[in-house]
Number of protein chains: 2
Amino acid sequence: MNLEEVARLAGVSRSTVSRVVNGDAKVSASVRARVQDVVREHGYHPNAAARSLASRRTRILGLLIPRASGAIFSDPFFPVLIQGAVDACNHADHNLMLLMDTDEEAPTAEGSRLHRRVLRGRHLDGVAVAASVVDDPVVALLRKERLPFVLIGRHPDPAVAYVDADNRGGSRAAVAHLVAHGRRRIATIAGPRTIRAGRDRLDGYRDALAAAKLPSNPALIGDGDFSRRDAHRATHALFGQPP
Amino acid sequence: MNLEEVARLAGVSRSTVSRVVNGDAKVSASVRARVQDVVREHGYHPNAAARSLASRRTRILGLLIPRASGAIFSDPFFPVLIQGAVDACNHADHNLMLLMDTDEEAPTAEGSRLHRRVLRGRHLDGVAVAASVVDDPVVALLRKERLPFVLIGRHPDPAVAYVDADNRGGSRAAVAHLVAHGRRRIATIAGPRTIRAGRDRLDGYRDALAAAKLPSNPALIGDGDFSRRDAHRATHALFGQPP
DNA sequence: CTGTTAGCGCGTTCAT
DNA sequence: ATGAACGCGCTAACAG
């Protein structure tokens, strides 16, 4: 069942059916109704590939998760991220393609599968990149392919679009809240300094302490890697501190 | 840059280029080399949509995760599942589309987005279904669409393909191992009986006890829901038992 | 082994 | 408002 058949059954041209299917306004009510009946009755649905070929859009968005962040298994952030991406795609009537490099190959190399098949094949309308590493080379690649993209997590280059939580501000607000409640000995468990979010939150913590004229005690800064395990360990260590 | 251009530059026909690109053996070595040079030099890569339209294959596989299993966030199984699916797709030079229903709509209804756009649009070559619920109605849907699919987790109907761990056998082997080491008082923390895996593993436990002629003591069977929390609680409860 | 010829199913001018 | 005609880029018979 394709456009052609629907057109025949409805006694109109393919163009008209296409217009109805795509919600084009320039179709008389009667014709529209007739076409819609046929569509419904025969369960017609446009073929995605043909549509993509003609329209030059795939209605597929990519979510690129660097394998490097092997944290996919431990960090509870990823399931949430994935779920959110899928939801957003659903709402926009798009589909989500999950892109992760497989260990063996350099993910950003010119010849990588990702690069070859997905990016060059124009398989995607755009891609969101869960950039773990600052200055990920994938950025250059995406630019060269002229594929619209957005980074998840701040990026130094002001020209690249990104979305991120306000890590520093949030951290600062949390600590300020404790200060406002009279606390004066406030600890934090900081993430790796190699990761932006880790640095930013620690900065926010320090911001708030400084604003409250509280001393910054290194002994009150625990270390973690965003995992439960580390958080657990660091918490115990902190509580083991002398008061 | 498309087949046509490559053909022109290499002084051959489109078909020949297509053959080279698709690894068809019936091309002379010299011509093949010439074509490959042009391809590499100009960074040609076949357009996915056009290819799909002509070949009637998308090289996209779906991974359907029912939202119902809200466990996506807590159950560490899902990240592993997703990762595994992506890896398998990568190896087979396919891509993975992630399918999850969004809360608001009945996932299996005829008019659901999933059904309309993805299944009927022939967007996928096949789909793997992380079936949580026994007798998921999505099975009927997939059958009707004649879309190849495989369930992740056992299914009652022998006609549907599924992959699963050998829960019963694995459990039996684990317990038998303890028995072989002289243990005679063996406990288990069983999953929900409503879930196949839970029942199967408990059955395996009982199998092994029976085979060893050991009594089955209900007090040694803890309850859990596959979560860390429950496992922790149940373990404490078991250790609290009188010896 | 290579080229020619048809489509694949749809979007999109351009006339009417 | 509707239809005719063309093109999207590629695969797949079919000849030769």
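See the structure printed just above.
Cut-offs used in this document
- Residues numbered from 1 in each chain as written.
- Chains lettered and ligands numbered in written order.
- Predicted model: local features only at pLDDT ≥ 70, side-chain atom pairs only at ≥ 80, totals over all residues.
- Heavy atoms only, no water.
- Helix = DSSP H or I, 4+ residues; strand = E, 2+ residues; numbered from the N terminus.
- Polar contact = N/O pair within 3.5 Å; in protein donor to acceptor, adjacent residues only side chain to side chain.
- Contact = heavy atoms within 4.5 Å.
- Salt bridge = Lys/Arg side-chain N within 4 Å of Asp/Glu carboxyl O.
- Buried < 20%, exposed > 50% of the residue type's maximum accessible area, 1.4 Å probe, protein only.
- Pairing = 2+ DSSP bridges.
- Core = buried A, V, L, I, M, F, W, Y, C linked by side-chain atoms within 4.5 Å.
- Near = heavy atom within 4 Å.
- Nonpolar A, V, L, I, M, F, W, Y, C, P; charged D, E, K, R; others polar.
- 1 Å grid on protein atoms, 1.4 Å probe; cavity = no way out; pocket = protein on both sides within 12 Å on 5 of 7 lines; lining within 4 Å.
- Points joined across faces, edges and corners; volume = space filled by probe spheres on them.
- Axes fitted to C-alpha atoms, helices over the stretch in contact; angles between N-to-C directions.
- Parallel < 35°, antiparallel > 145°, perpendicular 65-115°, else oblique.
- Left-handed = near helix turned anticlockwise from the far one by under 90°.
- Buried area = accessible area lost by both parts, 1.4 Å probe.
- Disulfide = S-S within 2.5 Å.

Chemist: Before we go on, may I ask you to explain the side chain of N90(A) in this structure?
Modeler: Looking at the element boundaries, N90(A) is found in helix α5 (residues 77-91). Only 2.8 Å separates the side chain of N90(A) from the backbone oxygen of M100(B), close enough to count as a polar contact. Not counting residues within four places of it along the chain, the set of residues in contact with N90(A) comprises M100(B), D101(B), T102(B) and R113(B).

Chemist: It is not clear to me how the pattern of salt bridges should be interpreted in this structure. Could you clarify?
Modeler: Between side chains of opposite charge, a pair can form when the charged atoms approach closely. Per the stated rule, a full pass over the model turns up 25 salt bridges over all chains. A salt bridge links D223(B) to R193(B); the shortest N-O distance between them is 3.2 Å. Taken as a pair, D223(B) in strand β7 (residues 221-223) and R193(B) in the loop between β6 (188-190) and α9 (196-211) lie far apart in primary sequence, 30 residues in all. The class for D223(B) is partly exposed, based on a relative accessible area of 45%. Assessed through its relative accessible area of 34%, R193(B) is described here as partly exposed. Because the salt bridges share partners, they merge into one network encompassing R168(A), R172(A), D203(A) and D207(A).

Chemist: Hey, could you run me through the sheet that holds strand β1 (residues 60-64) of chain A in this one?
Modeler: To summarise the sheet geometry, strands pair through backbone hydrogen bonds and adopt either a parallel or an antiparallel arrangement. On the basis of which strands lie adjacent, the open sheet formed by ten strands has the order β5(A)-β4(A)-β3(A)-β1(A)-β2(A)-β2(B)-β1(B)-β3(B)-β4(B)-β5(B) and mixed pairing. Edge strands, defined here as strands with exactly one partner in the open sheet, are β5 (162-163) of chain A together with β5 (162-163) of chain B. Bridge count for β1(A) against strand β2 (residues 95-99) of chain A is five bridges, and the pairing is parallel. Opposite G62(A), over in β2(A), you have M97(A) as the bridge partner.

Chemist: Quick question: what am I supposed to make of the nonpolar core here?
Modeler: Burial of nonpolar side chains together is a common tendency in soluble globular proteins. Grouped together as the largest cluster of nonpolar side chains are 36 residues, with contacts concentrated most on V127(A) and V127(B). Among residues more than four places away in sequence, those in contact with V127(A) are G62(A), L63(A), L64(A), L99(A), L142(A), L147(A), P148(A), F149(A) and V150(A). In terms of nonpolar packing, the next biggest core, distinct from the first, is built from 28 residues, C89(A), L63(B), A85(B) and A128(B) among them.

Chemist: Could you clarify how one ought to interpret the environment of Q36(B) in this entry?
Modeler: Along the chain, Q36(B) turns up in helix α3 (residues 29-42). For the pair Q36(B) and V6(B), spaced 30 residues apart in the sequence, the C-alpha separation amounts to 9.4 Å.

Chemist: Is there a simple way to think about the protein's contact with DNA strand C in this case?
Modeler: Neighbouring DNA strand C are 26 residues, the closest being L3(A), Y44(A), S15(B), R19(B) and S28(B). When the atoms of DNA strand C within 4 Å of the protein are grouped by moiety, sugar and phosphate amount to 59% of the total. Between DNA strand C and S13(B), the relevant distance is 3.1 Å, taken from a phosphate oxygen to a main-chain nitrogen or oxygen of the residue. Going through the elements one at a time, α2 (14-21) and α4 (48-55) of chain A together with α2 (14-21) and α4 (48-55) of chain B are the ones with two or more residues in the surface near DNA strand C. Across the surface near DNA strand C, the residue classes tally to ten nonpolar, nine polar and seven charged.

Chemist: I'm lost on empty space enclosed by the protein in this one. Help?
Modeler: A water-sized probe, rolled over the atoms, reveals where empty space remains. Applying the stated criterion to the full structure yields five cavities of 30 Å³ or more. As a volume, the largest cavity reaches approximately 130 Å³. If you trace the largest cavity, you find 14 residues lining it, with S52(A), H123(A), A49(B), S52(B) and H123(B) closest to the centre. Classifying every residue of the lining of the largest cavity by side-chain character gives six nonpolar, six polar and two charged.

Chemist: In this structure, what is going on with the packing of α4(A) against α4(B)? I would like to understand it.
Modeler: Packed helices, taken two at a time, are described by their axes: the angle between them and the distance between them. Interhelical geometry of α4(A) versus α4(B) gives an angle of 140° and a closest axis separation of 8 Å. With respect to α4(B), the element α4(A) is oriented oblique. The hand of the α4(A)/α4(B) crossing is left-handed. Across from A49(A), A50(A), S52(A) and L53(A) in α4(A), the residues of α4(B) making contact are A49(B), A50(B), S52(B) and L53(B). For the contact of α4(A) with α4(B), the per-class residue count stands at six nonpolar, two polar and no charged.

Chemist: Would you explain the interface of chain A and chain B in this entry?
Modeler: Each partner contributes to the interface: chain A provides 42 residues, whereas chain B provides 43 residues. Between chain A and chain B, a total of about 4000 Å² is buried, with carbon and sulfur atoms accounting for 53% of that surface. A per-residue breakdown of the area chain A buries against chain B is headed by H45(A), R113(A) and R117(A), which together make up 16% of the total. On the surface where chain A and chain B come into contact, there are eight residue pairs in polar contact (both at pLDDT 80 or more). If you list the elements that add at least two residues to the side of chain A that touches chain B, you get α4, α5, β2 and α6 (113-120) of chain A.

Chemist: Looking at this model, I keep getting lost on the packing of helix α1 (residues 3-10) of chain A against α2(A). Mind explaining?
Modeler: Residue and element names in this part refer to chain A. With their axes 8 Å apart at the nearest point, α1 and α2 run at an angle of 105° to one another. Judged on the interaxial angle alone, α2 and α1 are roughly perpendicular. In this structure, α1 uses L3, E4, V6 and A7 to contact α2, whose residues at the interface are R14, V17 and S18. Of the residues in the contact of α1 with α2, the class split is four nonpolar, one polar and two charged.

Chemist: Whenever I open this one, the protein's contact with DNA strand D confuses me. Can you help?
Modeler: Inspection of the region around DNA strand D gives 27 residues, with R19(A), S28(A), R56(A), L3(B) and Y44(B) positioned closest. Across the atoms of DNA strand D situated within 4 Å of the protein, the share located in sugar and phosphate is 59%. A distance of 2.8 Å separates a base nitrogen of DNA strand D from a polar atom in the side chain of R14(B). Contacts to DNA strand D include N47(B), whose backbone N or O atom sits 3.3 Å from a phosphate oxygen. Classifying every residue of the surface near DNA strand D gives ten nonpolar, ten polar and seven charged.

Chemist: Could you clarify how one ought to interpret the state of the cysteines in this entry?
Modeler: The bond known as a disulfide is covalent and runs between the sulfur atoms of two cysteines. Scanning the model with the defined rule gives zero disulfides over all chains in all. Free of any disulfide, C89(A) has its nearest cysteine sulfur in C89(B), 17 Å distant. Among the residues examined, C89(A) registers a relative accessible area of 6% and is labelled buried.

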